[in-house]
Amino acid sequence: MNIVKESQIIIPLEGMDSEHCAMIIDKALAKIEGITSHKVELNNNRALIEATDLQDALVHSVEIIRQLGYEVPTVKGIFPVLNMSCASCASSAQNILEIQPGIIKASVNYANTNAMVEYIPTVTNPQKLKSALQSIGYDLMVDESDEAKDQLQDIQQQRFKLLQKKTIAAIVLSIPVVIIGMFFMNTNYANYIMWLLSTPVLFIFGRQFFINAWKQIKHGSTNMDSLVAMSTGTAYLFSVFNTLNPDYWHSRGHHAHVYFEAATVVIAFILLGKWLEERAKGNSSFAIKKLMGLQPKTVTVIMESGLHVETKISNVSIGNTLLVKPGEKIAVDGIITKGSSFVDESMISGEPIPVEKKLDDVVFAGTINQKGSFEFIANKVGGDTVLSQIINMVQQAQGSKAPVQKLVDKIASIFVPIVIGIAIITLLAWLTFGGENGLTQGMLSMITVLVIACPCALGLATPTAIMVGVGKGAENGILIKDAESLELAKRINAVILDKTGTITEGKPDVAEIYWLNENKNDATILQSIEKQSEHPLAEAIVRYLNLEGSSEIRNFESITGLGVKAQINDNWFYVGNSAFLDKYKILIDPSLLTKNELWLEQAKTVIWFADASQALAIIAISDKIKASSVVAIKQLRSAGIEVYMLTGDSQNSAASIAKQTGITNFKSEMLPADKANFVKKLQQKEKIVAMVGDGINDSQALAQADVSIAMGKGSDIAMDVAKMTLISSDLTKVMEAIQLSKITVAVIRQNLFWAFVYNIIGIPLAAGILYPINGFLLNPMIAGAAMALSSVSVVTNSLRLKNAKLK
């Protein structure tokens, strides 16, 4: 997309195949408010719009075009934001990104200091976004290479160490200032000594507050740095004036008070609070660090000559043969070609028991080899490995915002201007009603109000809990895509389960074969025919027979919905359902019919094997119920959650599975649209519905459900649609996800409660509301300590989730 002129923008389009499609899009654009001109070009696959507010029109246009079923190609990226100091900074950075041309969506998370952006690459790029943020004092790390990530870690560590040094220095210099201010105020040169000591505290160790505040002011915005700079700067200047001009107050009958100790201690406490906050925030991203740490830096590649070469993981390509020794971490995804072992997949699946891996089994990056040694061929490397996809999903979820966070962000964005207003009102009130000491007390109270107000506690309350909660889920094999699902899961009161692959293993096995006259030759013929078929039931039969030798097959033919037929030595043989045999008028012995009726009653799938004249055998195929399914369904029902089963299978099969698992509400022979409609019906009854499924046929219902949960061993499409994925496909994880949601939301509420209560109580106290009653005035130093403590307490409370038990 190119900008033709200032008021025009060109939107690239995908999926527009005809003039009719172009007309549909054009009509939709015409209805968007603010668009003054619009044109859709089929040949160029683009739409041109002119609007009074171009960026706003672009966002609405993309939304409408996608709702119509067409696509606008965009790029989504996560970039670290540098130099943010509070939740208001996150709001400021997000606001700047949102107004950049070409941005469809931007979200900045203060807790993990990441910006998630979706943009049209032909209009803007990360470098332009970086420049935009730099103009207001922040920065964007746009290089996504491994070296850049290492460099980012170095920068963060250096900043942390620098913050630690500044904090220690500020505390060391503040201590003598406080001692002089409290006990030696009347000694000679006391004010000058305090002035000398406090100056470096404010303008060397605390200069970041003043620099950031100035950058904010230049762009007409404010943040926590503005509050700190205004409060300490006012106290400092007031004290300097009184130190140099004590006679000004003495001539008016007042003592020339100085507040150097208040200014220095506030800076020292806030630096200390930020240092503790940074340390705690580092712990909250434990899940990502743990996942990233699972990938080894180097691997052993086996060359074609047989030579073993140790190389960096970035040099591994698809098709390389890698050697994994006992105790080593597996570097990339691949298929075992030699050797066997047991592999610990707990960090990916959440299951603690090592899984046996042998020839042709798949191994995943990040899992840990136990005692054996094996070779495997890499089939997924870099960002395509399962581990990389999990890390990406967790990062996106941690960066997403829960619905409650949107309200908090709005409050945080107007918090600082409101506090500045309250501080000015406080000063005016003291000047009006404070009597002789009105100015002094007013200045002191105004400074205290500015110091005690803390948007950081509000800003950190939700994202830190979400970060830890999503990480905790990943650690237990529950991948959560967005914060909204995590927040909503606690309210689930109806769970819909798919049958095949969700309640059952989804892997059909032969339960029994009944032969009319058993002989090895017929069994070999059956196996030879089924080897030609790609049907999963044929695979189960071949696996069950497992015979050596084969028959020569000719004229193999698959008839959809019936079965397969083939010729062997001029004789025709048939494998399929009963309708297939009816079609060729093949005779069936009564003993086989009896077996057929018995197995159908037991909800088994029946396959017939026949020659041209009579049925030779009947095969029963069953899909086992997962060992954990019965327990999981019992857990859900015990929690008061209604459990439903929907399946496309027959009534007999559905009834049998429902009976064995204790499900009383089930529906059979459901098409994908039927499942989605059933979800809708429950939602119309004001149920919060969770859909759990694994197949493409579940995707529609998953998209309709309030909380969608996919099985990790299911189809990619189901996992793409679902907001949660259970890697191990264990249904008991559903209850764990609900439990995780409950404790995460509880921590969010606790955090928000204390953050609001702190400000609601702290600000009036700081303004001196109790002074007319009992003469109480809050000291700015105490206010500074309380402010620092509020942020630290919120982050610490969120970290409690790390130790929560989900079972």
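Procedures and definitions
- Residues numbered from 1 in each chain as written.
- Predicted model: local features only at pLDDT ≥ 70, side-chain atom pairs only at ≥ 80, totals over all residues.
- Heavy atoms only, no water.
- Helix = DSSP H or I, 4+ residues; strand = E, 2+ residues; numbered from the N terminus.
- Buried < 20%, exposed > 50% of the residue type's maximum accessible area, 1.4 Å probe, protein only.
- Contact = heavy atoms within 4.5 Å.
- Areas by Shrake-Rupley, 256 points an atom, 1.4 Å probe, with all protein chains shown as cover.
- Core = buried A, V, L, I, M, F, W, Y, C linked by side-chain atoms within 4.5 Å.
- Salt bridge = Lys/Arg side-chain N within 4 Å of Asp/Glu carboxyl O.
- Pairing = 2+ DSSP bridges.
- Right-handed = clockwise from strand over helix to strand, strands pointing away.
- Axes fitted to C-alpha atoms, helices over the stretch in contact; angles between N-to-C directions.
- Left-handed = near helix turned anticlockwise from the far one by under 90°.
- Nonpolar A, V, L, I, M, F, W, Y, C, P; charged D, E, K, R; others polar.
- Polar contact = N/O pair within 3.5 Å; in protein donor to acceptor, adjacent residues only side chain to side chain.
- Phe/Tyr/Trp six-rings, centres within 6.5 Å; stacked < 30°, edge-to-face > 60°.
- Lys NZ or Arg CZ within 6 Å of the ring centre and 35° of its normal.

1. Considering the overall build of the protein chain
A count of helices and strands for the protein chain gives 30 helices and 28 strands. Overall, the C-alpha framework of the protein chain stretches about 125 × 65 × 60 Å when taken along its three principal axes. The buried share among the 807 residues of the protein chain stands at 53%. When contacts within the protein chain are restricted to residue pairs at least 6 apart in sequence, long-range pairs at least 24 apart make up 68% of them. Of the roughly 37,300 Å² of accessible surface on the protein chain, a fraction of 55% belongs to carbon and sulfur atoms.

2. Examining the nonpolar core
Ranked by size, the top nonpolar core spans 133 residues in total, and within it Ile-492 and Leu-497 carry the most contacts. Per element, the largest residue contribution to this core is 13 residues, and it comes from helix α28 (residues 732-767). Dropping the residues within four chain positions of it, Leu-497 is found in contact with Ile-503, Ile-633, Val-643, Tyr-644, Met-645, Leu-646, Ile-663, Val-692 and Leu-731. Leu-13, Cys-21, Leu-54 and Tyr-70 belong to the second largest nonpolar core, which has 25 residues in total.

3. Side note on the pattern of salt bridges
Under the counting rule described, the total for this entry stands at 15 salt bridges. In this structure, Lys-675 engages Asp-698 in a salt bridge whose closest nitrogen and oxygen atoms are separated by 2.7 Å. Within this pair, whereas Lys-675 is found in helix α25 (residues 672-684), its partner Asp-698 is found in the loop between β26 (689-693) and α26 (699-704), the two being separated by 23 residues in sequence. The class for Lys-675 is buried, based on a relative accessible area of 1%. Beyond isolated ion pairs, a larger network of salt bridges with shared partners links Lys-39, Glu-41 and Arg-46.

4. Things to note about the pairing of strand β24 (residues 642-646)
Across the 5 residues that make up β24, a large majority, 4, are buried. Relative to β24, strand β17 (residues 494-498) runs parallel, the two being bridged by 5 bridges. What sits directly across from Ala-494, in β24, is Glu-642. The sheet contact formed by β24 and strand β25 (residues 665-667) spans 3 bridges and is parallel. By the bridge assignment, Leu-646 is partnered in β25 with Lys-667. The parallel pair β24 and β25, bridged by helix α24 (residues 651-661), forms a crossover whose chirality is right-handed.

5. As for the packing of helix α7 (residues 207-218) against helix α8 (residues 224-244)
When two helices pack together, their arrangement is given by the angle between the helix axes and the distance between those axes. Closest axis-to-axis distance for the α7/α8 pair is 8 Å, and the angle between their directions is 120°. Our pair here, α7 against α8, has a crossing hand that is left-handed. Contacts from Phe-209, Phe-210, Asn-212, Ala-213 and Gln-216 in α7 reach Asp-225, Ser-226, Val-228, Ala-229, Thr-232 and Gly-233 in α8. Counted by class, the contact of α7 with α8 contains 5 nonpolar, 5 polar and 1 charged residues.

6. Quick look at the side chain of Thr-502
Along the chain, the position of Thr-502 falls in helix α18 (residues 499-503). In terms of polar contacts, Thr-502 uses its side chain to reach the side chain of Asp-498, at 3.3 Å. Thr-502 has contacts with Lys-626, Ser-629, Val-692, Gly-693, Asp-694, Met-711 and Leu-731, leaving out every residue within four places of it along the chain.

7. So, the environment of Gly-306
Topologically, Gly-306 is positioned in the loop between β8 (298-302) and β9 (308-312). C-alpha of Gly-306 to C-alpha of Leu-197: the two residues are 109 residues apart in sequence and 70 Å apart in space.

8. With respect to the environment of Ala-523
Among the structural elements, Ala-523 can be located in helix α19 (residues 520-532). C-alpha of Ala-523 to C-alpha of Leu-322: the two residues are 201 residues apart in sequence and 40 Å apart in space. The residues touching Ala-523, leaving out its near neighbours within four places in the chain, are Trp-515, Leu-545 and Leu-547.

9. Describing the packing of aromatic side chains
Within this structure, the stated rule accounts for 15 aromatic pairs. Centroid distance Phe-203 to Tyr-236: 5.0 Å. Interplanar angle 85°. Geometry classified as edge-to-face. Of the two residues, Phe-203 is situated in helix α6 (residues 190-205) and Tyr-236 in helix α8; the sequence distance between them amounts to 33 residues. What makes Phe-203 partly exposed here is its relative accessible area of 37%. By relative accessible area, which is 8% here, Tyr-236 ends up buried. The interplanar angle of 80° and the centroid separation of 5.1 Å between the aromatic rings of Phe-753 and Trp-754 together place this pair among those described as edge-to-face. Cluster of aromatic residues (ring-pair linked, three or more members): Phe-203, Phe-210, Tyr-236 and Phe-260. Sitting over the face of the ring of Trp-572, Lys-565 holds its NZ or CZ atom 5.0 Å from the ring centroid.

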